[in-house]
Amino acid sequence: MLYNKDMSSIFSKIIMGEIPCYKIYEDDKTLAFLDINPEVMGHVLVVPKVEVDKIYDLSDEDYQALMATVKKLAKHMEEVLGARTLMKVVGTDVPHAHVHLTPLDEKWEYGKTLKPTEAEMQEMVEKLALK
Ligand code: AMP
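These lines cover the structure that appears in this document, whether it is placed above or below.

What counts and how
- Think of each chain on its own: its residues are numbered from 1, step by step along the sequence as written.
- Two thresholds apply to this predicted model, a pLDDT of at least 70 for residue-level local features and 80 or more for giving and counting side-chain atom pairs, whereas whole-chain, interface and lining totals are computed over all residues.
- Note: side-chain values were computed over all heavy atoms of the structure, leaving out hydrogens and water.
- For helices the rule is a DSSP run of H or I covering at least 4 residues; for strands it is a run of E covering at least 2, with both sets numbered from the N terminus onward.
- All radius of gyration figures rest on C-alpha atoms, and the globule criterion is 2.2 Å times the number of residues raised to 0.38.
- The criterion used for residue contact is that any of the two residues' heavy atoms lie within 4.5 Å.
- Each accessible area is a Shrake-Rupley result for a 1.4 Å probe, and residues are judged covered by the shown protein chains and nothing else.
- The charged-residue count follows a simple rule in which Lys and Arg add positive charge and Asp and Glu add negative charge, with His and chain termini not counted at all.
- Charged groups are reduced to one reference atom each: NZ for lysine, CZ for arginine, CG for aspartic acid, CD for glutamic acid.
- Of the grid points, spaced at 1 Å and generated over the protein atoms alone, those admitting a 1.4 Å probe that cannot get out make up cavities, while open sets with protein on both sides within 12 Å along at least five of seven lines make up pockets; any residue with an atom within 4 Å of a point is treated as lining.
- Grid points are joined across faces, edges and corners, and a volume is the space filled by probe spheres set on the points.
- Polar here means any residue outside two lists: the nonpolar Ala, Val, Leu, Ile, Met, Phe, Trp, Tyr, Cys and Pro, and the charged Asp, Glu, Lys and Arg; Gly therefore counts as polar.
- Pairing of aromatic side chains here covers Phe, Tyr and the six-membered ring of Trp, requires ring centres within 6.5 Å, and sorts the geometry by plane angle: under 30 degrees stacked, over 60 edge-to-face, intermediate tilted.
- With a 1.4 Å probe rolled over the protein chains alone, any residue whose accessible area is under 20% of its type maximum counts as buried; one over 50% counts as exposed, and the rest are partly exposed.
- Grouping buried Ala, Val, Leu, Ile, Met, Phe, Trp, Tyr and Cys residues that are joined through side-chain atoms within 4.5 Å yields what is termed a nonpolar core.

## Side note on the overall build of the chain
At step 1: Within the chain, the secondary structure is distributed over three helices and five strands.
At step 2: Starting at the N terminus and walking to the C terminus, you meet the elements of the chain as α-β-β-β-α-β-β-α.
At step 3: Expected size for 131 residues packed as a compact globule is a radius of gyration near 14 Å; at 14 Å, the chain falls within 12% of this value.
At step 4: With respect to the principal axes defined by its C-alpha atoms, the chain has extents near 40 × 30 × 25 Å.
At step 5: Considering only intrachain contacts with a sequence separation of at least 6, the fraction spanning at least 24 residues in the chain is 60%.
At step 6: When the accessible surface of the chain is split by element, carbon and sulfur atoms take 52% of a total near 7,900 Å².
At step 7: The positive charge centre, built from 16 side chains, and the negative charge centre, built from 23, are 2 Å apart in the chain.

As structure tokens, then:
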């Protein structure tokens with residue numbers, strides 16, 4: 001069992017299906033979905049299903065599973081969106097390890113987030129979803 005009802009982060013609630021997300025990819029150990037406050041269109045978060053705060057608290061196995069998904073999705077995003085994919089670990093807002101993947105966008109500005117419509121988010125899911 002990767003997770004249990006005691007886990008309480010917002011990302012665990014997404015993993016357990018208690019709150020919705022714009023899902024891009026899922027496997028046994030990881031989940032990827034669109035950031036709801038995207039810095040650029042196509043801003044994806046990759047999350048381990050096990051809840052730990054910091055990425056370096058993950059077991060080697062879970063860290064490797066997370067990075068395998070990051071690598072696979074970054075390549076996929078580059079192919080689909082035609083832009084280099086940036087990888088970022090921050091973790092100041094949500095205490096559940098995660099990696100941000102963002103397509104390199106010349107219009108990106110520090111601290112600025114976009115407000116895409118529901119239709120734009122769904123369109124991005126259709127573009128990026130990976131089976
Ligand atoms: P940080 O912890 O600083 O790496 O940032 C956490 C990120 O999670 C922020 O970019 C938030 O916009 C994002 N976030 C928070 N809640 C949700 C949610 N329910 N669905 C998708 N992204 C979220």
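## Points about the layout of surface pockets
At step 1: Its volume calculated, the largest pocket comes out at about 620 Å³.
At step 2: Of all the elements in the fold, those that place two or more residues in the lining of the largest pocket are helix 1 (10-15) and strand 2 (30-34).
At step 3: With three residues, helix 1 is the single largest residue contributor to the lining of the largest pocket.
At step 4: Partitioned by chemical class, the residues of the lining of the largest pocket number 14 nonpolar, eight polar and six charged.
At step 5: Taken as a whole, the second largest pocket holds about 210 Å³ of empty space.
At step 6: Lining the second largest pocket are 13 residues, with V40, M41, D105, K107 and L114 positioned closest to its centre.

## What about the packing of aromatic side chains?
At step 1: Taken as a whole and judged by the stated rule, the model has one aromatic pair.
At step 2: Taken together, a centroid distance of 5.4 Å and an interplanar angle of 70° make the contact between F11 and F33 edge-to-face. Of the two residues, F11 sits in helix 1 while F33 sits in strand 2, which places them 22 residues apart along the sequence. Each member of the pair, F11 as well as F33, is classed as buried.

## Here we look at the nonpolar core
At step 1: Among the nonpolar cores identified, the biggest contains 22 residues, and I24, L34, V44, V46, L73 and L101 are the most heavily contacted of them.
At step 2: Taken together, the elements giving at least two residues each to this core come down to strand 1 (23-26), strand 2, strand 3 (44-48), helix 2 (60-81), strand 5 (99-103) and helix 3 (118-128).
At step 3: Residue contributions to this core peak at five residues, all from helix 2.
At step 4: Those residues in contact with L101 that sit more than four places away from it in its chain are G42, H43, V44, V46, V70, L73, A74, M77, T85, L86 and M87.
At step 5: Counting residues in each nonpolar core, the second largest holds eight residues, with F11, I15, L31 and L45 among its members.

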